[in-house]
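Topology and contacts: notes
For reference, the chains in residue letters:
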Amino acid sequence: AQSVTQLDSQVPVFEEAPVELRCNYSSSVSVYLFWYVQYPNQGLQLLLKYLSGSTLVKGINGFEAEFNKSQTSFHLRKPSVHISDTAEYFCAVVDYTGNQFYFGTGTSLTVIP
Amino acid sequence: GAVVSQHPSWVICKSGTSVKIECRSLDFQATTMFWYRQFPKQSLMLMATSNEGSKATYEQGVEKDKFLINHASLTLSTLTVTSAHPEDSSFYICSAAQVLGGGETQYFGPGTRLLVL
């Protein structure tokens, strides 16, 4: 089975500052990795995903993430955040053999003006 | 991009009534759909996996007789909360799986907020 750990439950950051949201996973098999964003009272929107190839993945809204197999991490980064980035961010993993997603507990990003 | 819709977005009902929530993949066919439940400030909890034309697979602890799932077509899955009680009040989110680029991605609906009085 897989598991996902998002170490930071809340991350406050000033507007235009950089941010990194951490995600670590554990799995005995190869996995695909995803980051989703959830705005208040809405469903989840796919930010980016890693399936294969380049370990640096670029997503929407200026976000990017880097897959590090040795450290089993998939941290999400943005060089300069905006107020509109305030939301809940979820990291998820699915293994090659199945289609069940395992979600982290989420990180609440608050951008301070 | 892939779009998944849910209807209704909000529902308030009396205790003891049944509520049906629809999940549709609008621009792709989804062989597999998932139903999640999310409590305030928590992550998503997978309730069941629904495959078109077959019975849904429920996660441990989820009552299949209470949460009826019907996956009638490749673009529609429904979740019926039978005899709803206040503790069933929650945010229900569906997702539909699409295989792209050698990997499967889930696209999520906007969610349905259920309030049982």
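Preceding this paragraph is the structure being described.
What you see is a predicted model; the values in this text were computed from it and never measured.

Next up on the list: the overall build of chain B. Of regular secondary structure, chain B possesses 0 helices and 11 strands. The helix and strand sequence of chain B, counted from the amino end, reads β-β-β-β-β-β-β-β-β-β-β. The C-alpha atoms of chain B give a radius of gyration of 14 Å, which matches the 13 Å a tight globule of 117 residues would have. With the C-alpha coordinates of chain B rotated into their principal frame, the extents come out at 45 × 25 × 25 Å. A burial count over chain B gives 51% of its 117 residues as buried. By sequence separation, contacts in chain B at least 24 residues apart represent 55% of the contacts at least 6 residues apart. On chain B, the mean spot of the 9 positive side-chain charges and the mean spot of the 9 negative ones are 7 Å from each other.

On to the nonpolar core. Ranked by internal contacts, the top residues of the largest apolar core, which has 44 residues, are Phe 34, Tyr 36 and Phe 103 of chain A together with Tyr 36 of chain B. No other element matches the 6 residues that strand E9 (residues 90-100) of chain B contributes to this core. When residues no more than four places from it in sequence are discounted, the contact partners of Tyr 36 of chain B are Phe 101 and Phe 103 of chain A together with Leu 44, Met 45, Leu 46, Met 47, Phe 91, Tyr 92, Ile 93, Ser 95, Gln 106 and Phe 108 of chain B. Counting residues in each nonpolar core, the second largest holds 28 residues, with Val 31, Trp 35, Cys 91 and Val 93 of chain A among its members.

All names here are of chain A. All chains considered together, the criterion is met by 11 aromatic pairs over all chains. The interplanar angle of 25° and the centroid separation of 4.5 Å between the aromatic rings of Tyr 50 and Phe 67 together place this pair among those described as stacked. Highlighted residues: Tyr 50 in strand E6 (residues 44-50) and Phe 67 in strand E8 (residues 64-68), separated in sequence by 17 residues. Phe 67 shares its class with Tyr 50; the two are buried. Measuring from centroid to centroid gives 5.5 Å for Phe 63 and Tyr 89, while their planes differ by 45°, and the two rings are tilted.

Criteria and cut-off values
- Residues numbered from 1 in each chain as written.
- Chains lettered and ligands numbered in written order.
- Predicted model: local features only at pLDDT ≥ 70, side-chain atom pairs only at ≥ 80, totals over all residues.
- Heavy atoms only, no water.
- Helix = DSSP H or I, 4+ residues; strand = E, 2+ residues; numbered from the N terminus.
- Rg over C-alpha atoms; globule rule 2.2 N^0.38 Å.
- Buried < 20%, exposed > 50% of the residue type's maximum accessible area, 1.4 Å probe, protein only.
- Contact = heavy atoms within 4.5 Å.
- Lys, Arg positive; Asp, Glu negative; His and termini not counted.
- Charge placed at Lys NZ, Arg CZ, Asp CG, Glu CD.
- Core = buried A, V, L, I, M, F, W, Y, C linked by side-chain atoms within 4.5 Å.
- Phe/Tyr/Trp six-rings, centres within 6.5 Å; stacked < 30°, edge-to-face > 60°.

It is worth stressing that arrangement in space is one thing and function is another; only the former is reported here.
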